[in-house]
Amino acid sequence: MSLKWAVLLVAAVSMVGACSEGSGRTSAAPEHDFPARPAWAGVAPNGLIVVAEPVGELAHSEAAIIDEESLLRDSLGITADQQLLRLHLAPSAKSGLPDTAGMLRAGDMEFQAMTKMPEDFSAPQRLIWHSIAQGGRHMVKDSGQLERWSLLVVASDSAALDQVDKMLWQNGSMQVELQRQSWSEVERLQFLEALVPVDVEDE
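What this report covers is the structure whose coordinates are included nearby. (Residues numbered from 1 in each chain as written. Predicted model: local features only at pLDDT ≥ 70, side-chain atom pairs only at ≥ 80, totals over all residues. Heavy atoms only, no water.)

Some thoughts on the overall build of the chain
- Counting secondary structure elements, the chain contains four helices and eight strands.
- Mapped in sequence order, the helices and strands of the chain form the string α-β-β-α-β-β-β-α-β-β-β-α.
- Excluding contacts between residues fewer than 6 apart, the proportion of contacts in the chain whose partners are at least 24 apart in sequence is 72%.
- With an accessible surface of roughly 11,100 Å², the chain has 51% of that area assigned to carbon and sulfur atoms. (Helix = DSSP H or I, 4+ residues; strand = E, 2+ residues; numbered from the N terminus. Contact = heavy atoms within 4.5 Å. Areas by Shrake-Rupley, 256 points an atom, 1.4 Å probe, with all protein chains shown as cover.)

Spelled out as structure tokens, the structure:
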């Protein structure tokens, strides 16, 4: 098996495992603090947490290690003129997970989930598609087992997001404004792994 497929298969298994039930575990922060990275985060009135972030690079200095975004683009056929983000949806006790990923707007860009898998995909590509591109939603018997749903969303625009301060996530009549964040890898992990269902008081 090539290095490319080995890295992606490990990422696929890790993605589904990280999103499945396990709020009782505690995770130690990484020993090394990596440079701050951007994200956009917001909370719906029902407590659903929505986070959008660029697909991260592997924390490795050797040039022989290809970054995750390049591997995903190559494996899933995402072209250079398409913008790629990872979307996290974390339910509260009242919200649950939405049935669909909704749509993410960043200025004039519209990010949509990848819904149609090419018929000629190989077995490894299919695994990457289901586990990473679609976030493993249909790889578990009960979506209630997921403490968060993390998937890829794509926009047909290669414009940079450096100056984007706000995004808007829409799903049916629900809208959530996402504000730009800047956090270290430690802060990111602490935030994502602390997403425990929280009750939202009725107004």
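A look at the packing of helix H2 (residues 68–76) against helix H3 (residues 123–133)
- Look at H2 against H3: their axes get within 10 Å of each other, and the N-to-C directions meet at 125°. One way to sum up the angle between H2 and H3 is to call them oblique. H2 and H3 meet at a crossing whose hand is left-handed. Where H2 abuts H3, its residues Leu72, Ser75 and Leu76 lie against Gln125, Ile128, Trp129, Ile132 and Ala133.
- For the contact of H2 with H3, a count of residues per class yields six nonpolar, two polar and no charged. (Axes fitted to C-alpha atoms, helices over the stretch in contact; angles between N-to-C directions. Parallel < 35°, antiparallel > 145°, perpendicular 65-115°, else oblique. Left-handed = near helix turned anticlockwise from the far one by under 90°. Nonpolar A, V, L, I, M, F, W, Y, C, P; charged D, E, K, R; others polar.)

Observations concerning the environment of methionine 103
- Tracing the backbone through its elements, the reader meets methionine 103 in strand E4 (residues 103–106).
- Note on methionine 103: relative accessible area 14%, which makes it buried.
- Not counting the four nearest positions on each side in its chain, methionine 103 is found in contact with Glu110, Phe111, Gln112, Leu168, Trp169 and Gln170. (Buried < 20%, exposed > 50% of the residue type's maximum accessible area, 1.4 Å probe, protein only.)

Side note on the environment of arginine 73
- Counting through the fold element by element, arginine 73 comes out in helix H2.
- Residues arginine 73 and leucine 84 lie eleven residues apart in sequence; the distance between their C-alpha atoms is 8.7 Å.
- Beyond its immediate sequence surroundings of up to four residues, arginine 73 is in contact with Ile78, Thr79, Ala80, Gln82, Gln83 and Leu84.
- A polar contact is formed between the side chain of arginine 73 and the backbone oxygen of glutamine 82, at a distance of 2.8 Å. (Polar contact = N/O pair within 3.5 Å; in protein donor to acceptor, adjacent residues only side chain to side chain.)

Focus: helix H4 (residues 185–193)
- Buried within H4 are the following residues: Glu185, Val186, Arg188 and Leu192. Take H4 and look down its axis: the buried residues cluster within an arc of 160°, on one side only.
- Against the buried residues of H4 lie strand E1 (37–43), strand E2 (49–54), strand E3 (83–90) and strand E8 (174–183). (Arc of directions from axis to C-beta.)

Describing the packing of aromatic side chains
- Inspection of every chain in the model, using the stated rule, returns one aromatic pair.
- Their ring planes at 75° and their centres at 6.2 Å tell us that phenylalanine 121 and tryptophan 129 sit as a pair that is edge-to-face.
- On the basis of relative accessible area, phenylalanine 121 is assigned to the buried category, the value being 10%.
- Relative accessible area serves as the criterion here: at 3%, tryptophan 129 is assigned to the buried category. (Phe/Tyr/Trp six-rings, centres within 6.5 Å; stacked < 30°, edge-to-face > 60°.)

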